[in-house]
Structure formats: C-alpha cells, structure tokens
Amino acid sequence: SNSFCTLLRADVMPASGNNAALMAAVERVFSDDFLFHRDHRAWHAVVVEEDGTPLDVDAHQLATFSDVAANASLVPAAMVKEIADAVKTSAVVSVTVDGDAVTLRRKKALSLDADPDLRTLFVKPVHYDATEAQIEAFFAKWGAIERVERRQYLAGAAGAEKVKPSAFVTFKRQDDAMKCIAAKPSYGACETELGGMFVPQLTVMTKDAHERAQSALVQRSAALQVQQAIAGGGANANAAAEDPLGSHKVLKPRCTCKVSDLAKGASWQPIKAKLGNLVISFPELKKKIGIVHVEDGVGYVVCKTPEAAQTLLVAYGSASKKNEAFAEELRAAVPRLTLLEGDEEAAFIKRYPTLVTGQVQKKVQANQKRGRD
C-alpha cells in the first residue's frame, strides 16, 4: 500500500536501531512516485512548492500526515531523533537539527515532467486472456514501458462474472506515450501474441483524459435521471426542474473528509464553526466546504472538489503551527480528520442524495416555523 499508515505509524515503523530500514521508509515518502500519487496531494503540498521547489518539513509532520491528522504521538519524540540520525547519509533527504527541532528537505527539486500520469495511457479493450507481459510487448513498439496495470471490473449483479477489462500503460518517456496516441494503434498492427487476439477497435488516451471522461459520464447520468424525473411528473419533477443538472445531489469521489473520535452526542455545528474559522487562514477554501453531517458518532465534511478536500486536510494538519490556542479548540471540535475512502466512501456516496434531500426538507420546515417563505 502507498498509504502513510503502513509506513510511518509507530506500531509499524522499522524496529528501533534499524537505520537502513528507517531511512528507506522516509525516502519513500519524499520520492517522486509517492509525491505524484493522486492520493498524496496533501503531502505533496507540504514537501514542495507548486513549481517543485523543496520546502522545509518538520519531522513531526511525518506523524501528522501519516493519517493526515495532527497527532504527533504516532511518531514519538525519540523516533524523530532516530529519523534525524537515520537520514544523515540519505541521497534523497537532507536533515537539519536545531535543539529538539528536526527539519527534513528534499535535496532535489521535483520535476513536474516526471509525473507518471503524463506518461500513462488508458487502453481498452484488453482481451480477457491477455497477460500484462503481452500488453507490455505490444506497446513496446512505441517506447520503453515502465509498468502495466491490468484492470478488471465486475459488472451487473453481485457475484456476476461479467468483466470489462482495460489497462493503464506507463511509458518511461512522455514523448513515447504521445507518439503512441498519435499512431492510433491497432492490435493487428504488431506481430505479437496480443496482436493475434480478436478484439474490437482499440481506444488509447491519456489517463487524465480518461478520468475527465468518467467524470463527465457521471454528470450525464445524473442529468438523465433528472430528465426522467421531469418526464414522470409529480413532486420529483418540480424538484428536478429547480435543479436541472441535479448537481447538488451528485457527490464526486475524494470530496469527503471523515471526522472520527467524536464525543458521544457531538453535533455538526461546532465542527462547521471551527472549520469555518480555519478557512479564514486558507482563502482557497472559501465557499468550498458544503454540508457537515454527523451520525453514529462520525462526522462527514463534504467539499465541493477533491482539491478542496486535500487543501482542507493540509490546513487541518498545519493549524498547530499557526496558532496553538486555536489548534486546541479545533482538535476539541474535530479530534481527527481523514479522507473518506474505500467501502465507507462508496456507501456514503450512495446515500448522499437522500441525505441532501433530508437536509433541504429540514431547512424548509425550520423556515416555515419562523414564518419565512
């Protein structure tokens, strides 16, 4: 896994005294691949400027961002000192020790051209029986291949074995990836095992283009549901007509943060209030935080974009540096803030439309009690 949780939490850190393993773990989270990973944008903003210029990083932030939560106890002070000793000979990270303060910094600027997403192509379809080695052999005609990630999705009812296979092909050079797209490759064009397999027309595009297309597909699907609601008439038609795109009910992935370790009976109001105060120091978050919802002792903070969610995590993690008194108040209202992921995120996205509808109804009822329209 690429998550910090498996790398730098105190209970899974390399054994005390194992400097080689400890240096390897630290170097990994400062590496190009780790920083360019889409799940690590918050950490990317801590380690380098937008242009790739290295920044000074407090070693305690290795704990702060291991769960993207300001909990320095994840890496004890003694471990921070061990980190300082371990990376003294690192070719990736430099270290500065000033009393109890330990500062880490990448030795080289991060080249934006090194972003693997710029060298990665989305390819479909891939034959059911094709191996990653066969896929690599086919695309090697256009340049050296760094890696192939074969993707398979189960479609239809639970347990169904209908598979829609595709692949991400990462070239070592961006120019070769662009050359491949320009060539409009066909499986029959190369004398390889994959070329001999019968499949429909081949589609090749950049990974970024594929992800944007998928996002547009979600929006079109939501618009279609709204059109169907309008055609069906009734109350649903009125609601759909007021919001023709249904955008307020479509929650994109990676836009929701989870608040955990809440006290029993906690409410959403103090969470939203303190996060609102946090926004003052981060203008880019202005009007980017939507609803805040609490249920079963867990809070959910919905942001309007994935970038806003990542910025919120950065702001939360760095709050203690700006104002310790405010940081304590923030931790009291928001003890732990992480990105909602996996099955939890899928379940929340599924029930999000119902949640939004319920909140709108509550607001209407509250306004009616106050004599408002």
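A brief structural summary. The structure displayed is predicted, hence computed values, not measured ones.

1. Remarks on the overall build of the protein chain
Here comes step 1: Helix and strand counts for the protein chain come out as 14 helices and 13 strands.
Here comes step 2: By residue count, 42% of the 373 residues in the protein chain fall in the buried class.
Here comes step 3: Across the protein chain, every contact between residues at least 6 apart in sequence was considered, and the portion connecting residues at least 24 apart equals 65%.
Here comes step 4: Of the roughly 20500 Å² of accessible surface on the protein chain, a fraction of 52% belongs to carbon and sulfur atoms.

2. Some words on the sheet that holds strand 9 (residues 203-206)
Here comes step 1: Across the sheet, which stays open at both edges, the four strands sit in the order 5-8-4-9 with antiparallel pairing between neighbours. Strand pairing shows two members of the sheet lacking a second neighbour, strand 5 (145-151) and strand 9, which therefore form its edges. Across this sheet, the average inter-strand angle for adjacent strands is 20°, counted without regard to direction.
Here comes step 2: Examined bridge by bridge, strand 4 (residues 120-124) and strand 8 (residues 166-171) share four bridges and lie antiparallel to one another. The residue of strand 8 that forms the bridge with Thr120 is Thr170.
Here comes step 3: Strand contacts of helix 7 (residues 132-139): strand 4, strand 5, strand 8 and strand 9, with the helix running at about 130° to strand 5, the strand carrying the most contacts.
Here comes step 4: Along the sheet, helix 8 (residues 174-183) makes contact with strand 4, strand 8 and strand 9, crossing strand 9 at roughly 145°.

3. Here we look at the packing of aromatic side chains
Here comes step 1: Counted according to the given criterion, the structure contains six aromatic pairs.
Here comes step 2: Relative to Phe139, the ring of Phe138 lies with its centre 4.9 Å away and its plane at 80°, an arrangement referred to as edge-to-face.
Here comes step 3: For Phe139, a relative accessible area of 0% puts it in the buried group.
Here comes step 4: Taken together, a centroid distance of 4.5 Å and an interplanar angle of 15° make the contact between Tyr300 and Phe348 stacked. Taken together, the residues span a long stretch of sequence, with Tyr300 in strand 12 (residues 298-303) and Phe348 in helix 14 (residues 342-369) at a distance of 48 residues.
Here comes step 5: Overall, the relative accessible area of 1% leaves Phe348 in the buried class.
Here comes step 6: Taken together through their ring pairs, the aromatic side chains of Phe138, Phe139 and Trp142 make up a single cluster.
Here comes step 7: Here the guanidinium or amino end of Lys207 rests over the ring plane of Phe168, the centre of that ring lying 4.9 Å away.

4. Looking at helix 7
Residues lying three or four places apart along an α-helix face the same way, a consequence of the helix completing one turn every 3.6 residues.
Here comes step 1: Turning to helix 7, its buried residues number three or more, namely Gln134, Ile135, Phe138 and Phe139. Projected down its long axis, helix 7 shows its buried positions confined to an angular sector of 125°, all on one face.
Here comes step 2: Those residues of helix 7 hidden inside the fold are in contact with strand 4, strand 5, strand 8, helix 8 and strand 9.

5. Remarks on the pattern of salt bridges
Here comes step 1: The tally for this structure, following the rule as stated, stands at 13 salt bridges.
Here comes step 2: Taking the shortest distance from any N to any O, the salt bridge between Arg106 and Asp32 comes out at 3.0 Å. Here Arg106, found in strand 3 (residues 101-106), pairs with Asp32, found in helix 3 (residues 32-36); they are 74 residues apart in sequence, far enough to count as distant.
Here comes step 3: A residue is classified by how much of its surface remains accessible, and Asp32, at 28% relative accessible area, is partly exposed.
Here comes step 4: Of the charged contacts, one joins Arg147 and Glu146 as a salt bridge, the two residues approaching to 2.7 Å between their closest N and O atoms.

6. Let's talk about the nonpolar core
Generally speaking, nonpolar side chains in soluble globular proteins are found buried as a group.
Here comes step 1: With 28 residues, the main nonpolar core has Leu275, Leu278, Val301, Leu312 and Val334 as its most contacted residues.
Here comes step 2: Not counting residues within four places of it along the chain, the set of residues in contact with Leu312 comprises Cys257, Leu275, Leu278, Leu285, Ile289, Val301, Cys303 and Leu337.

Criteria and thresholds
Residues numbered from 1 in each chain as written. Predicted model: local features only at pLDDT ≥ 70, side-chain atom pairs only at ≥ 80, totals over all residues. Heavy atoms only, no water. Helix = DSSP H or I, 4+ residues; strand = E, 2+ residues; numbered from the N terminus. Buried < 20%, exposed > 50% of the residue type's maximum accessible area, 1.4 Å probe, protein only. Contact = heavy atoms within 4.5 Å. Areas by Shrake-Rupley, 256 points an atom, 1.4 Å probe, with all protein chains shown as cover. Pairing = 2+ DSSP bridges. Axes fitted to C-alpha atoms, helices over the stretch in contact; angles between N-to-C directions. Phe/Tyr/Trp six-rings, centres within 6.5 Å; stacked < 30°, edge-to-face > 60°. Lys NZ or Arg CZ within 6 Å of the ring centre and 35° of its normal. Arc of directions from axis to C-beta. Salt bridge = Lys/Arg side-chain N within 4 Å of Asp/Glu carboxyl O. Core = buried A, V, L, I, M, F, W, Y, C linked by side-chain atoms within 4.5 Å.

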